[in-house]
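Residue strings, one per chain:
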Amino acid sequence: MPDTATESGTRNVKRLASMLLELDDLLIACMRCGFCLSTCPVYGATMREGDVTRGKIALLENLAKHMISDAQSVNDKLNRCLLCGSCQAICPSGVKIMDIFLRARAIVTGYLGLSPLKKLLFRGVLARPKLFNSLLGLSSALQGLFIKKTGGMETYCAPLLQSFIGNRHFPPLAKKPFHSRAPSLNIPAEAGKPGVAFFPGCVSDNIFPAVAEASLKVLQKHGVGVFMPSGLSCCGIPALASGDRPDYDRMLRNNLKCLRGASFQYLLTPCGTCTATIREFWPMLADDYSPAEKEQIRELHEKCMDISAFVIDVLKVELPAASNGGPVVTYHDSCHLKKSLGVAAQPRSILKSLPGFSFAEMPEADRCCGSGGSFTLRHYDLSTDIGQRKRDNIVSVKANIVAAGCPACMMQMMDALSRNNDKIKVRHVMELYADTL
Amino acid sequence: MAVTPALITEFRNIVGKENVLTEEADRQTYAYDAAVLTPVVPALVLVPVTQEALGKTVKLAYDSGLPITVRGSGTNLSGASIPEPGDGVVILTNRLDKILEINEQDLYAVVEPGVVTARFAAAVAARGLFYPPDPGSQSVSTLGGNVALNAGGLRGLKYGVTKDYVMGMEIFDYRGELVKTGSRTVKCVTGYNMAALMSCSEGTLGVFSRLILKLVPPPKASRAMLAEYDDINKASETVAGIIAAHIVPCTLEFLDNNTIKYVEADTKAGLPVQAAAVLLIEVDGGHERMVEEDAAKVVEVCKKCGCTDVRMAKNAEEKLKIWEARRNALPALARARPTTVLEDATVPRSRIPEMVAAVNRIARKYRLEVGTFGHAGDGNLHPTFLCDRRDKEEFRRVEAAVDEIFDVALGLQGTLSGEHGIGMAKAKWMEKETNRATIEFSKNLRRALDPKMLFNAGKKFL
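**Considerations on the overall build of chain A**
Piece 1. A count of helices and strands for chain A gives 23 helices and 9 strands.
Piece 2. Expressed as a percentage of its 437 residues, the buried residues of chain A come to 59%.
Piece 3. Within chain A, counting contacts between residues at least 6 apart in sequence, those at least 24 apart form 79% of the total.
Piece 4. As displayed, chain A has an accessible area near 17,000 Å², and 55% of this comes from carbon and sulfur atoms.

What follows is the structure, given as structure tokens:
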């Protein structure tokens with residue numbers, strides 16, 4: 001296998017070694033209570049311990065050993081996970097599960113991407129603790145052995161989204177992505193109103209430009225200043241989920257560059273996954289960044305917010321009283337919104353206030369829909385099974401519309417509903433709200 | 001006998017190809033349960049999805065001389081679902097998860113062993129009835145596992161434990177034959193009371209196929225209270241006082257000072273970190289007025305016994321808040337250090353102060369961090385040692401401390417385990433609590449039902 005794009009192979013090996021050590025400290029916190037079995041959507045579909053966090057952590061405890069004997073099968077097991085965070089939200093021991101899985105994916109993918117020579121070296125290093133430790137400390141005498149490769153910026157999402165299409169029941173790529181209509185924005189705030197930076201996210205940009213446009217309409221109607229630099233990258237989660245740290249780092253650094261120096265009070269996205277990535281994963285995996293970058297990541301972590309939470313908590317918009325009658329709207333809690341960010345009440349307040357609609361709570365509203373980014377590509381059948389349970393819950397409350405705060409969930413639910421010939425619309429909370437303004 | 005390719009083919013013919021797990025990575029995920037013990041990787045994991053397949057699986061495994069460990073969700077804390085070394089196989093029952101009947105007229109339900117406890121309790125509640133046993137793992141544990149371990153929970157004092165809800169069952173014996181015991185009726189004297197024998201048998205006598213469980217009407221009202229004490233003896237006197245006043249709370253929980261401190265450090269919920277102990281008390285019943293009166297009496301007893309403060313929840317929200325401290329006890333302790341060794345030595349409720357004092361003395365002796373909480377109403381305490389199992393020297397001290405705690409519990413006329421089970425963890429202690437004759441009697445019984453000693457052989461009795 002060819003080398004993945006890295007600045008230096010030595011650095012790659014060094015990083016893998018140090019990540020293995022860090023992983024061990026995170027794994028030990030799992031007490032095998034098995035509570036994750038109660039919420040894991042993949043386990044719910046397969047009932048196999050190897051598909052749930054407790055089982056994966058048990059396997060990861062021997063990662064160094066397994067990786068050498070069968071790295072590909074470890075990789076396959078790790079990838080049978082939606083990264084939805086349901087397990088972390090209920091874990092009594094507070095195991096940093098997302099951290100563990102993202103690190104483990106990076107380690108395994110990093111290892112698989114090594115050349116045979118480097119694999120040999122890495123194995124040797126793993127077997128010799130002294131060398132292992134020294135590798136962590138020095139700039140390395142092994143440097144010359146590795147080939148340098150410089151990679152260009154990749155937007156992970158374009159090929160990823162492309163492969164979503166095929167024979168699936170997904171909407172096609174938008175004819176004109178949002179960024180081609182609005183490459184950059186700099187709309188001043190009305191007096192006394194906050195200024196925000198807007199991060200549309202790849203799925204809104206490419207598949208649901210209407211979500212990005214509705215979000216902008218809401219912000220403008222409320223007099224909010226909007227800054228959006230050109231050249232923003234993906235938030236990085238698909239690369240991270242694939243264990244591809246080099247590309248993740250490049251995209252994150254590009255985003256930092258685009259946002260550097262601009263003045264804004266909040267960073268808003270209409271995508272629960274982007275928000276969670278910026279707020280949670282960017283700081284979590286910032287060990288190797290420069291102090292200035294770390295500081296910017298910390299600032300963005302504090303400023304980043306889901307747009308419906310912004311409407312309710314910051315703008316404190318006065319919503320009309322709940323109306324009864326009319327088409328039924330139900331709401332799906334995206335895992336990253338509810339479980340990572342605690343955003344659950346705000347979108348519901350908005351939906352309950354929509355004139356001419358009635359709101360119905362579906363059973364298991366916070367159960368994962370089975371999307372999980374590339375999970376749906378790798379494990380389409382499993383993803384469909386999980387999606388079917390969500391679909392059944394949506395149908396059970398006789399909904400006409402299901403709303404969500406994450407475009408990835410919207411795609412998954414469209415697929416599940418369309419597959420069953422249900423005439424139920426899937427819309428973003430901001431789209432429904434923008435219609436009332 | 002070894003697991004041969006031919007045998008694997010036979011198992012595949014019974015349960016289906018995809019339901020025989022042979023890959024090492026798959027097998028490794030059935031090597032442990034929630035007990036802090038060394039994992040044992042099974043030779044095979046067999047996943048029957050029908051009753052018929054379950055019986056045939058048991059027969060083939062037994063006839064082939066393979067040690068059998070039945071597993072539901074693998075959440076027990078005693079190692080009862082850790083496979084046997086050698087060619088031990090796991091028979092996984094989590095796919096046998098049908099609720100076959102909920103009978104509202106006759107107040108019973110029939111279930112397969114793999115039904116998850118909380119899912120069952122919710123289905124029963126949706127029909128206006130109540131299944132009280134509520135082990136801490138109920139969101140994941142299976143009813144088969146609950147019966148095999150006789151799981152307890154917070155409601156034990158008033159409502160009893162799992163065994164009190166087992167009316168009857170069907171089991172596969174070692175020949176794979178279906179054996180029936182008990183009935184759907186309240187009264188039944190047909191044959192031996194084998195359902196009672198099977199409850200708490202930890203997978204050593206046979207394999208559950210179906211369970212008949214008792215249901216009760218739910219309480220109509222409840223009141224929750226929190227009382228603080230500057231002296232643990234006063235808390236203990238309160239417990240005795242409440243019982244003496246002929247009130248049986250549905251839950252009567254206790255947190256010691258260490259646990260309160262850990263919870264407060266973790267949650268910043270404003271708990272009284274100076275308190276020597278707090279009691280969390282809930283009374284319930286079929287009539288609002290009666291429950292009000294009982295609650296008022298409980299408050300009176302708390303005050304009479306010298307609590308420093310007592311408050312009653314005025315509404316559902318306050319009730320949730322009161323229970324938050326108890327809900328957070330284990331998580332707070334578990335987060336403090338990497339490894340959590342959760343014990344459940346149980347003493348007569350009047351001996352709780354002595355037991356807690358002994359636990360703290362032992363922890364000091366072995367230089368260990370410990371927090372004790374648990375079910376004050378039934379004397380079932382959870383001294384919880386906090387450590388890092390990677391530190392071998394520290395872990396040896398934990399093991400020594402746990403051994404000493406058993407000695408103290410037995411000295412106080414208590415028992416090794418109130419609800420977690422004997423499994424592998426405490427089997428060596430059985431004779432100390434009972435005597436040699438008891439062990440022999442139990443083993444004779446076992447040999448009659450399991451002549452080759454293949455059902456979870458290393459568990460319960462050695």
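**Observations concerning a nonpolar patch on the surface**
Piece 1. Together, Leu197, Leu445 and Leu449 of chain B give the surface a local cluster of nonpolar side chains, amounting to about 200 Å² of exposed area.
Piece 2. Along the polypeptide, leucine 445 of chain B turns up in helix α16 (residues 436–449).

**Looking at helix α8 (residues 232–244) of chain B**
Residues and elements named next belong to chain B.
Piece 1. Between the first and last C-alpha of α8 there are 18 Å, a value that for 13 residues agrees with the 18 Å anticipated at 1.5 Å per step.
Piece 2. Restricting attention to buried positions, one finds in α8 the residues Ile232, Ala235, Ser236, Thr238, Val239, Gly241 and Ile242.
Piece 3. Close packing links the buried residues of α8 with β10 (221–229), β11 (251–256), β12 (277–285), α10 (288–304) and α13 (352–365).
Piece 4. At the N-terminal end of α8, a side-chain oxygen is found 2.8 Å from the backbone nitrogen of asparagine 233, two or three residues along, and the residue is aspartate 231.
Piece 5. One or two positions beyond α8, positive phi appears at histidine 246, with a value near 65 degrees.

**Section: the pairing of strand β7 (residues 166–172) of chain B**
A regular strand places its side chains so that they alternate between the two faces of the sheet.
Residues and elements named next belong to chain B.
Piece 1. Buried residues dominate β7, accounting for 7 of its 7 residues.
Piece 2. Summarising the sheet, β7 and strand β9 (residues 207–214) pair through 6 bridges and their orientation is antiparallel. Within the sheet, the bridge partner assigned to glycine 168 lies in β9 and is isoleucine 212.
Piece 3. Both β7 and strand β8 (residues 178–182) contribute to a ladder of 5 bridges, which runs antiparallel. Note on β8: the bridge partner recorded for isoleucine 171 is valine 179.
Piece 4. Hairpin connection between β7 and β8: a loop of 5 residues separates the two successive antiparallel strands, and glycine 176 in this loop has a positive phi of roughly 80 degrees.

**A short note on the domain arrangement of chain A**
All names here are of chain A.
Piece 1. The domain architecture assigned to chain A consists of domain 1 (9–142), domain 2 (158–313) and domain 3 (319–435).
Piece 2. Between domain 1 and domain 3, the residue contacts involve 18 residues of the former and 14 residues of the latter.
Piece 3. A combined buried area of about 1,200 Å² lies between domain 1 and domain 3, and 64% of that area is made up of carbon and sulfur atoms.
Piece 4. Three residues, Asn79, Leu82 and Cys84, lead the burial of domain 1 against domain 3; their summed loss comes to 40% of the area buried on that side.
Piece 5. Put simply, the parts of the chain that give the side of domain 1 that touches domain 3 at least two residues each are α2 (41–46) and α5 (86–90).

**Things to note about the pairing of strand β15 (residues 369–375) of chain B**
All names here are of chain B.
Piece 1. Most of β15 is tucked away, with 6 of its 7 residues classed as buried.
Piece 2. Note: β11 against β15, 3 bridges, orientation antiparallel. Following the sheet pairing, leucine 255 is matched in β15 by phenylalanine 373.
Piece 3. Hairpin connection of β15 to strand β16 (residues 380–387): 4 residues between the antiparallel strands, including glycine 379 at a positive phi of 75 degrees.

**Details of the sheet that holds strand β3 (residues 225–228) of chain A**
Residue and element names in this part refer to chain A.
Piece 1. The 5 strands lie next to each other as β1-β3-β2-β4-β5, forming an open sheet whose pairing is mixed. Edge positions in the open sheet fall to β1 (185–187) and β5 (304–306), since each of these has one partner strand only. Sheet twist, expressed as the mean angle between neighbouring strand axes with direction ignored, is 35 degrees.
Piece 2. Pairing of β1 with β3 involves 3 bridges; the strand directions are antiparallel. Bridge pairing links asparagine 186 to phenylalanine 227 in β3.
Piece 3. Where helix α15 (residues 272–284) meets the sheet, it contacts β4 (266–269) and β5, and its direction lies at approximately 155 degrees from that of β5.
Piece 4. Contacts between helix α16 (residues 291–303) and the sheet are confined to β4 and β5, with β5 contributing the most and set at about 25 degrees to the helix.

Cut-off values and rules
Residues numbered from 1 in each chain as written. Chains lettered and ligands numbered in written order. Predicted model: local features only at pLDDT ≥ 70, side-chain atom pairs only at ≥ 80, totals over all residues. Heavy atoms only, no water. Helix = DSSP H or I, 4+ residues; strand = E, 2+ residues; numbered from the N terminus. Buried < 20%, exposed > 50% of the residue type's maximum accessible area, 1.4 Å probe, protein only. Contact = heavy atoms within 4.5 Å. Areas by Shrake-Rupley, 256 points an atom, 1.4 Å probe, with all protein chains shown as cover. Patch = residues over 30% accessible without salt bridge, like charges linked within 9 Å, V, L, I, M, F, W, Y side chains within 5 Å. Salt bridge = Lys/Arg side-chain N within 4 Å of Asp/Glu carboxyl O. Expected span 1.5 Å × (residues − 1). Polar contact = N/O pair within 3.5 Å; in protein donor to acceptor, adjacent residues only side chain to side chain. Pairing = 2+ DSSP bridges. Domains from an automatic or database assignment. Buried area = accessible area lost by both parts, 1.4 Å probe. Axes fitted to C-alpha atoms, helices over the stretch in contact; angles between N-to-C directions.

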